[in-house]
Amino acid sequence: MREEGFQPGGDRFPPTRRSVIEAVGSIDAEERERALESLCAAYWRPIYKYIRLRWNRPAEEAQDLTQGFFVEVLERELLGKFDAKKGRLRTYLRVCVDSFVSNEDKAGRRQKRGGNIAHVALDFAAAEEELRGAVMDPAAIPSQESLEEFFEKEWLRSLFSLAVEELRDLCSTRGRERTFRLFEAYDLEGHDKISYEQLAKEYAIAATDVTNALAWARREFRRIALERLRELCGSEEEFQREARATFGRNPR
Amino acid sequence: MKFLPDKAVERLREAAEIPDLAGTRYRLLERVARGGMGVVYAAEDEKLRRRVALKVLDAPSEDGDLANRLIREALVLARLEHPGIVPVHDVGTLNDGRVFYTMKFVQGQRLDQYIDTVPSVTERLRLFLRVCDAVAFAHARGVLHRDLKPANIMVGSFGEVLVMDWGLAKLLRDEARPRSQASDPDATIFEKPAQSGDSNVSIPPFSSATGHGTVMGTPGYMSPEQARGDVERLDVRSDIFSLGALLRFLLGCDSNVAAGATGKPRLSKALEAICSKAAAPTPADRYPTVTELGQDVSRYLDGLAVAAHRESPFEKLARFYRRYRFFILLIGAYLLMRVLILFFMHR
């Protein structure tokens, strides 16, 4: 705890990752590619699922459209046209997806694209499997609001999934595999009745060790998720708003 | 990449929201409420072994906007040592980068919940006077609350009244001003907020979020000038408007009355005039200070004429009767008895 010289956020959250909006306009080709990869990693699943539901496209066509969209983002410099003052990047991208699919339809084009995002593994089969299990009120599917909500939810799932993966890598690098297993058991797969004591017994450690391990893992998870989030926002203001929306909840 | 089911996403949100109190003297107990800027938790101060309320931002704020506001709130509370204002204990930054402060844990009810247990108008007015005392003190220290409403007032288990949530507070002047002026309740003259370049200013400067044109407050309790975003011109009369709305709420005759309350009671003309004067649309028509508003309410409670209402001779007589009803009835009974005695003696 620092009790003086308030520099909120300051050294705790160094801007280690540049916003994709800035990076994608960089003169450095490598940085541009990295930015697009980050964008793609966070958004391909929500966009694929959105195209499948909103535009009711078969899996193969939705795959082409998803890849084609990211190529379009790069070719037409769509991120450069985004104005953070006018809205959220997420909403902007969703609107761009709608416009892209609609234009593709009008032009009657459909071609396999995606060479520029080859570094991001697009596991469409897994996304398709997830989509089958997606819980959505069938009566609400045609409404635009429910699809927007669906897109938001999928985006959050994608962000958290990436953060969990990064946390797993971090734990592995630091030799804290057990910490990740505890985090996985309690926070990811945890049954409602699982307790710290049960985990302590299972792993033959003290309950305080479970508490400490989980506190560390959650702190790191939060840090990673926020860093990812910052990278995917167009401005600091948008980031603050998004951070509150992501981690803010109504009291129960 | 492993698929996260909805339940896991929710659990992660919950887990990530929990403030990291490692390395602090506090132990988290439970979440109490969510405010405009962050979340309030009950925590235990392990050194002093007491329960405190810990308010923490729910997002890191690198540009310092929200964080500055939370720190400002803590510093504002620190300068307002009054039994009617919740005392702050500590302020700092957690390991996870979030700013927090701790304050007294108030066990009680929000005024909008508590009020149902107070049927008497006199008791409600006495509660209101205690709110006025706290707000008048804050004004004397150069602080506007700007969000006075029933939800921001707590009534403790021993009947203590505490004005909470100073997150929108505005400084009318800096504490560095001469003491004599700051401590004079009549000296609540509006002054421009300190400039950010002033090295003597101990409280973070006003952020752009509270700049001119920004509307912050609660509809129904916010003065018209505050609702217009006329921040530069706000003065104590803006809080007086809110107190007028609060008084109407306490008397059960405003649009903010909680559902289920009994029908709107008919107020006496004097009370109606006090409410109208306090919540007048134009600042110039309101009470100039909270003290004067409080004095008018006290006069009403004492059965005296109130400044807000010019009485007709009949109303004066009625009030005189209400105030001295016992003596008037006593004298009347005595006179009647004398008349009866005289009557029977001369029969």
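Details of the structure are given in the entry above.
Everything in this summary refers to the structure shown in the same document.

What counts and how
Residues numbered from 1 in each chain as written. Chains lettered and ligands numbered in written order. Predicted model: local features only at pLDDT ≥ 70, side-chain atom pairs only at ≥ 80, totals over all residues. Helix = DSSP H or I, 4+ residues; strand = E, 2+ residues; numbered from the N terminus. Buried ≥ 20, exposed ≤ 12 C-beta atoms within 10 Å, placed from the backbone. Contact = placed C-beta atoms within 7 Å. Axes fitted to C-alpha atoms, helices over the stretch in contact; angles between N-to-C directions. Parallel < 35°, antiparallel > 145°, perpendicular 65-115°, else oblique. Left-handed = near helix turned anticlockwise from the far one by under 90°. Core = buried A, V, L, I, M, F, W, Y, C linked by C-beta atoms within 7 Å. Domains from an automatic or database assignment. Pairing = 2+ DSSP bridges. Expected span 1.5 Å × (residues − 1). Arc of directions from axis to C-beta. Nonpolar A, V, L, I, M, F, W, Y, C, P; charged D, E, K, R; others polar.

This part takes up the overall build of chain A. Looking only at helices and strands, chain A has ten helices and zero strands in total. For chain A, the sequential pattern of α-helices and β-strands runs α-α-α-α-α-α-α-α-α-α. The buried share of chain A, reckoned over its 252 residues, is 37%. Long-range pairs, those at least 24 residues apart, make up 69% of the contacts in chain A with a sequence separation of at least 6.

Residues and elements named next belong to chain A. In the contact formed by helix α9 (residues 207-231) and helix α10 (residues 236-247), the axes pass within 9 Å of each other and the chain directions differ by 140 degrees. Regarding the angle of α9 to α10, the classification is oblique. In the crossing of α9 with α10, the sense of the turn from one axis to the other is right-handed. Side by side, α9 and α10 meet where L226, L229 and R230 of the first sit next to F239, E242, A243 and T246 of the second.

Ranked by size, the top nonpolar core spans 84 residues in total, and within it V131, V135, L243, L246, I274 and A278 of chain B carry the most contacts. Here the element with the most residues in this core is helix α4 (residues 121-140) of chain B; it accounts for ten residues. Both of domain 1 (16-105) and domain 2 (107-310) of chain B provide at least three residues apiece to this core. Once residues within four sequence positions are removed from consideration, A278 of chain B is found in contact with I240, F241, L243, G244, L247, R286, Y287 and L293 of chain B. Grouped together as the second largest cluster of nonpolar side chains are 63 residues, L39, V73 and A163 of chain A together with A8 of chain B included.

Right, let's talk about the sheet that holds strand β3 (residues 50-57) of chain B for a bit. Residue and element names in this part refer to chain B. Taking strand neighbours across the sheet as the criterion, the five strands line up as β1-β2-β3-β5-β4 in an open arrangement whose pairing is antiparallel. Strands at the two margins of the open sheet, each flanked by one partner only, are β1 (26-34) and β4 (88-93). Across this sheet, the average inter-strand angle for adjacent strands is 25 degrees, counted without regard to direction. Here β4 pairs with strand β5 (residues 99-104) via five bridges, running antiparallel.

Residues and elements named next belong to chain B. Given a rise of 1.5 Å per residue, twelve residues ought to cover 16 Å, and the 17 Å separating the end C-alpha atoms of helix α1 (residues 6-17) matches this to within 8%. Listing the buried residues of α1 in full gives A8, L12, A15 and A16. Considered in projection along α1, the buried side chains sweep an arc of 90 degrees and stay on one side of the axis. Pointing more than 90 degrees away from the buried face of α1 are the exposed residues D6 and E10.

Let us look at the packing of helix α7 (residues 236-250) of chain B against helix α8 (residues 269-278) of chain B. Residue and element names in this part refer to chain B. Running from amino to carboxyl end, α7 crosses α8 at an angle of 145 degrees, the nearest separation of the two axes being 7 Å. For the crossing formed where α7 meets α8, the hand is left-handed. Each of I240, F241, L243, G244, L247 and R248 in α7 lies in contact with α8, whose residues at this interface are I274, C275 and A278. Looking at the contact of α7 with α8, its residues break down into seven nonpolar, one polar and one charged.

All names here are of chain B. Here three strands make up an open sheet; going across it, the order is β6-β8-β9 and the pairing antiparallel. Two strands close off the open sheet at either side, each with one partner strand: β6 (108-110) and β9 (161-163). With direction set aside, neighbouring strand axes in the sheet form an average angle of 25 degrees. Direction of pairing for strand β8 (residues 153-156) relative to β9: antiparallel, over a ladder of three bridges. Following the sheet pairing, M154 is matched in β9 by L162. Here α4 sits on the sheet and contacts β8 and β9; the angle it forms with β9, its principal contact strand, is near 40 degrees.

Time to look at unusual backbone geometry. All names here are of chain B. Its identity is not glycine, yet R49 carries a phi of approximately 50 degrees, on the positive side. Counting through the fold element by element, R49 comes out in the loop between β2 (38-45) and β3. Using a count of 7 C-beta atoms within 10 Å as the deciding quantity, one classes R49 as exposed. A positive phi angle, close to 50 degrees, is found at D165, a residue other than glycine.

These results come straight from atomic positions and should not be treated as a statement about function.
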